[in-house]
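Descriptive analysis of the structure
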Amino acid sequence: MTAAAAFGVDAGSTTCKVVAVDAAGALLASRLEPTRPRLEEQAASLVAALAADLGLPGPPAVVATGYGRQLVREAARRVTEITCHARGAFRALGHGGTLVDIGGQDAKAIRIGPDGRPVDFAMNDKCAAGTGRFLEHTAARLGVEVADLGARALAASTEESISSTCTVFAESEIISLIGRGADLDAIIRGLHRSLVGRIVAMARTVGLAPPLILSGGVALNPGVRAMMAEAAGMPVLLPPHPQLMGAYGAALLALEA
Ligand code: ADP
């Protein structure tokens, strides 16, 4: 196997990821776990486990990103998610555009210039309604797996309108819709519409230059992808391993250092 030359760690609020790249910057291997309270220990054990997977005596150069990046003691450098997601997506796709990263507790829109550097960004980390948490919370209330939500939204033949701009109030709305016998898939489609509307409005503040690129765990949701394309009026591009984009960008920066 090609030797791992650098690691990137993305200590996110919902998931913790570590990625290994080879000397040419190709993604070699990765690990991902739900984030636990002792993030410092979790990051150390994930890094050690990936090094063991690759038969390395210890980790090579490490760069950390994500909200918990200050706690990753193996890291030589800590870099913002904006820079890391932009770097990862630019390398994976080979061009700029508007990158939207939707994670568990925040969402960001990053306009990437033709040279791969972020030129503008906007972020929502104040309101759960524009993040993966909104879908997680409502999926739990509906008794549906998060991984199944997108397909169900796309399968719906009708759509319920969710007017609340807050996760807690949206949950009350869902309860009353269920009480009125509304179709579950139509409710799920309405929840997607609500999330997507918020995200596209944020992306417009940075210019929404095509193509629209999605990263973060919510990019795995086919309903979000299809409805984002519709709302933005442009196709959506998905890099390989969208949930690993921040860790991949961090590994590329570790390689350069
Ligand atoms: P963070 O980096 O902020 O910790 P992630 O980028 O890992 O978060 O995204 C986590 C979110 O991704 C979850 O809130 C969930 O909504 C969504 N998610 C994770 N896996 C899937 C999946 N298989 N299908 C759809 N959504 C998913």
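Quick summary incoming for the structure in this document. (Residues numbered from 1 in each chain as written. Predicted model: local features only at pLDDT ≥ 70, side-chain atom pairs only at ≥ 80, totals over all residues. Heavy atoms only, no water.)

Per the stated rule, a full pass over the model turns up 14 salt bridges. For Arg-36, the salt bridge is made with Glu-33, and the minimal N-O distance between the two is 3.2 Å. Of the residues examined, Arg-36 reaches a relative accessible area of 42% and is grouped as partly exposed. Members of the salt-bridge network, linked through shared partners, are Glu-81, Asp-101, Asp-106 and Lys-108. (Salt bridge = Lys/Arg side-chain N within 4 Å of Asp/Glu carboxyl O. Buried < 20%, exposed > 50% of the residue type's maximum accessible area, 1.4 Å probe, protein only.)

It is generally the case that most residues other than glycine have a negative phi and that most peptide bonds are trans. In this model, Pro-210 is joined to Pro-211 through a cis peptide bond whose omega is -5°. One non-glycine residue, Leu-208, lies in the positive phi region at around 45°. Checked against the element boundaries, Leu-208 lands in the loop between α6 (184-204) and β9 (212-215). Unusually for a residue other than glycine, His-241 sits at a positive phi of about 55°. Position of His-241 relative to the elements: it lies in the loop between β10 (236-237) and α8 (245-256). We classify His-241 as partly exposed; its relative accessible area is 46%. (Helix = DSSP H or I, 4+ residues; strand = E, 2+ residues; numbered from the N terminus.)

Let us look at helix α2 (residues 81-93). Note that an α-helix has 3.6 residues per turn; residues three or four places apart therefore point the same way. Helix length check: α2, at 13 residues, gives a terminal C-alpha distance of 18 Å against a target of 18 Å (1.5 Å per residue), a fit within 8%. Buried residues of α2: Glu-81, Ile-82, Cys-84, His-85, Ala-86, Arg-87, Gly-88 and Ala-89, and no others. (Expected span 1.5 Å × (residues − 1).)

With that out of the way, let us pick up the site of the ligand. Neighbouring the ligand are 17 residues, the closest being Thr-14, Thr-15, Lys-17, Glu-136 and Gln-243. A distance of 3.2 Å is found between an oxygen atom of the ligand and a backbone nitrogen or oxygen belonging to Ser-13. Glu-136 places a polar side-chain atom, nitrogen or oxygen, 2.3 Å from an oxygen atom of the ligand. Burial of the ligand by the protein amounts to 85% of the accessible area it has alone, namely 580 Å². Here the ligand occupies the largest pocket. Along the lines of polarity and charge, the residues of the shell around the ligand split into four nonpolar, eleven polar and two charged. (Near = heavy atom within 4 Å. Polar contact = N/O pair within 3.5 Å; in protein donor to acceptor, adjacent residues only side chain to side chain. Areas by Shrake-Rupley, 256 points an atom, 1.4 Å probe, with all protein chains shown as cover. 1 Å grid on protein atoms, 1.4 Å probe; cavity = no way out; pocket = protein on both sides within 12 Å on 5 of 7 lines; lining within 4 Å. Sits in = over half its atoms within 2 Å of the grid points. Nonpolar A, V, L, I, M, F, W, Y, C, P; charged D, E, K, R; others polar.)

Val-100, Val-224 and Met-228 are the most contacted members of the largest nonpolar core, which has 38 residues in total. Of all the secondary structure elements, the ones that give two or more residues to this core are β6 (97-102), β7 (107-112), α3 (132-142), α4 (146-155), α5 (167-179), α6, β9 and α7 (222-232). With nine residues, α6 is the single largest residue contributor to this core. If sequence neighbours within four positions are ignored, Val-100 has contacts with Lys-108, Ala-109, Ile-199, Ala-203, Leu-212, Ile-213, Leu-214, Ser-215 and Met-228. (Core = buried A, V, L, I, M, F, W, Y, C linked by side-chain atoms within 4.5 Å. Contact = heavy atoms within 4.5 Å.)

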